[in-house]
Amino acid sequence: MVHELAQAIQQNAPTGGQPGGLRGPGGPPPGFSFTKAFFELVQFVGYFLAIGAVGFRYGIVRQIRGMSDEAKKILRADNATLLGILGLMLLVLAYLGAPYVNAIANHKTFAESLPKNAAQFEFRMVMLSIALAGFALVRVSSSIGWRLAAIGVLLTALQPLYTARFSGKVNAVHIVAASTWLGTLLVLTVIGIRGVMKRASAGVQRSELVADLVNSFSPLALVAASIVAITGVTTAWLHLKRVSALWTTSYGIALICKLVLVLAVVSLGAWNWRRVRPSLGGEGSEPIIRRSATMELTFAALVLVATSVLVSLPSPK
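Residues numbered from 1 in each chain as written. Predicted model: local features only at pLDDT ≥ 70, side-chain atom pairs only at ≥ 80, totals over all residues. Heavy atoms only, no water.

Caption draft 1: The overall build of the chain, seen in detail. Of regular secondary structure, the chain possesses 12 helices and zero strands. The helix and strand sequence of the chain, counted from the amino end, reads α-α-α-α-α-α-α-α-α-α-α-α. Split into buried and exposed, the 317 residues of the chain put 45% on the buried side. In the chain, once contacts between residues fewer than 6 apart in sequence are set aside, the share between residues at least 24 apart is 76%. A total of about 15900 Å² of accessible surface is found on the chain, and carbon and sulfur atoms cover 65% of it. (Helix = DSSP H or I, 4+ residues; strand = E, 2+ residues; numbered from the N terminus. Buried < 20%, exposed > 50% of the residue type's maximum accessible area, 1.4 Å probe, protein only. Contact = heavy atoms within 4.5 Å. Areas by Shrake-Rupley, 256 points an atom, 1.4 Å probe, with all protein chains shown as cover.)

And the structure:
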């Protein structure tokens, strides 16, 4: 299976062409790698799940006051640990799978395909191990487990702040902010809103509990979305270098596609905040926010796909 994937990679490897230019007939854009795009997507999803679980614990559940015992049981942040662990598994797959496939495709050893800066790679693996231990400890000691998980995940994601150039630093903050916004929304929808709708009894005011969840999430989402916008514009300018690259290069066209999808996500988020959120608390309002949040997450998934393609293309020269 792995060897077949490696052969497919070699067959789809880009050849010739000017980096960042438009694609030739019948093939991908010059410099584009399907392998890199795939593992970038896996990495993005991993961060969304892992950081989203941490965001749900600290940004939502911890902010709700005066919950009943039954409500606390339904909204236990521990329920988000499985999503956090899944996210870590995807991150390990991304960081180890990419060099492994590259080693097979290029007839190298696995060690030769690992990043040249071994110290940074080892640090990342250690932090992911700490995060995994933290999520595993949550059932035993919730406070210690969540602290370890948060430290491990965030130090992994923010490692470029002290190892990369300016563009890498901005990109790291962009990923963390996007994961805090949309990753937390994902966990909120799957664990929070869905859990309340499925498990709450007549003794729990479901609509009010869902309203508390969404109201706790809104400030976090506004701050994170603002950071996403600032870092996104900065990253785009650093890579484009000139405005004409938007329509004359594959990178620019991919960026436009991503921006269209991001605009859809922002529009749905604004709709949820301005129109849906004020209506929460009334009887039967829970399915409305769940549907609108699911729609927002659907477009967010498309943004992830577009981003994985974008970062796999060479920047315009």
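Read on, since the account is not over.
Caption draft 2: Representation of the environment of Ala-300 within the structure. Looking at the secondary structure, you find Ala-300 in helix 12 (residues 286-310). Residues Ala-300 and Ala-264, 36 residues apart in the sequence, show an inter-C-alpha distance of 8.7 Å. In this structure, Ala-300 is in contact with Leu-182 and Val-265, ignoring residues within four places of it in sequence.

Caption draft 3: The nonpolar core, seen in detail. Grouped together as the largest cluster of nonpolar side chains are 61 residues, with contacts concentrated most on Phe-56, Leu-88, Phe-135, Trp-181 and Leu-188. When residues of this core are assigned to their parent elements, the largest contribution, 13 residues, is made by helix 8 (residues 166-199). Those residues in contact with Leu-88, other than ones at most four positions away along the chain, are Ala-50, Leu-128, Ala-131, Leu-132, Phe-135 and Val-153. With 10 residues, the next largest nonpolar core counts Ala-37, Ala-236, Ala-245 and Ala-254 among its residues. (Core = buried A, V, L, I, M, F, W, Y, C linked by side-chain atoms within 4.5 Å.)

Caption draft 4: Fine view of the packing of helix 11 (residues 250-279) against helix 12. Contact pair helix 11 / helix 12: the axes reach a minimum separation of 9 Å and the direction vectors enclose 165 degrees. Between helix 11 and helix 12, the angle is such that the two are roughly antiparallel. The two elements helix 11 and helix 12 cross, and the hand of that crossing is left-handed. (Axes fitted to C-alpha atoms, helices over the stretch in contact; angles between N-to-C directions. Parallel < 35°, antiparallel > 145°, perpendicular 65-115°, else oblique. Left-handed = near helix turned anticlockwise from the far one by under 90°.)

Caption draft 5: Summary view of the packing of helix 6 (residues 118-137) against helix 7 (residues 142-157). Helix 7 packs onto helix 6 with a crossing angle of 155 degrees between their chain directions and a minimal axis gap of 7 Å. Overall, the two elements helix 6 and helix 7 adopt an arrangement that is roughly antiparallel. Crossing angle aside, the handedness with which helix 6 passes helix 7 is left-handed. Between helix 6 and helix 7, the residues in contact are Phe-123, Arg-124, Met-127, Leu-128, Ile-130, Ala-131, Gly-134, Phe-135 and Leu-137 and Ser-142, Gly-145, Trp-146, Leu-148, Ala-149, Gly-152, Val-153, Leu-155 and Thr-156, respectively. Of the residues in the contact of helix 6 with helix 7, the class split is 12 nonpolar, five polar and one charged. (Nonpolar A, V, L, I, M, F, W, Y, C, P; charged D, E, K, R; others polar.)

Caption draft 6: Expanded view of the packing of aromatic side chains. One pass over the full model with this rule turns up four aromatic pairs. The interplanar angle of 85 degrees and the centroid separation of 6.0 Å between the aromatic rings of Phe-123 and Tyr-162 together place this pair among those described as edge-to-face. With Phe-123 in helix 6 and Tyr-162 in the loop between helix 7 and helix 8, this residue pair connects regions lying 39 residues apart in the sequence. Tyr-162 sits in the partly exposed class, given a relative accessible area of 47%. For Arg-57, the ring lying beneath its charged end belongs to Tyr-58, and the centroid distance is 4.8 Å. (Phe/Tyr/Trp six-rings, centres within 6.5 Å; stacked < 30°, edge-to-face > 60°. Lys NZ or Arg CZ within 6 Å of the ring centre and 35° of its normal.)

Everything listed here is a matter of geometry and, on its own, says nothing about what the molecule does.
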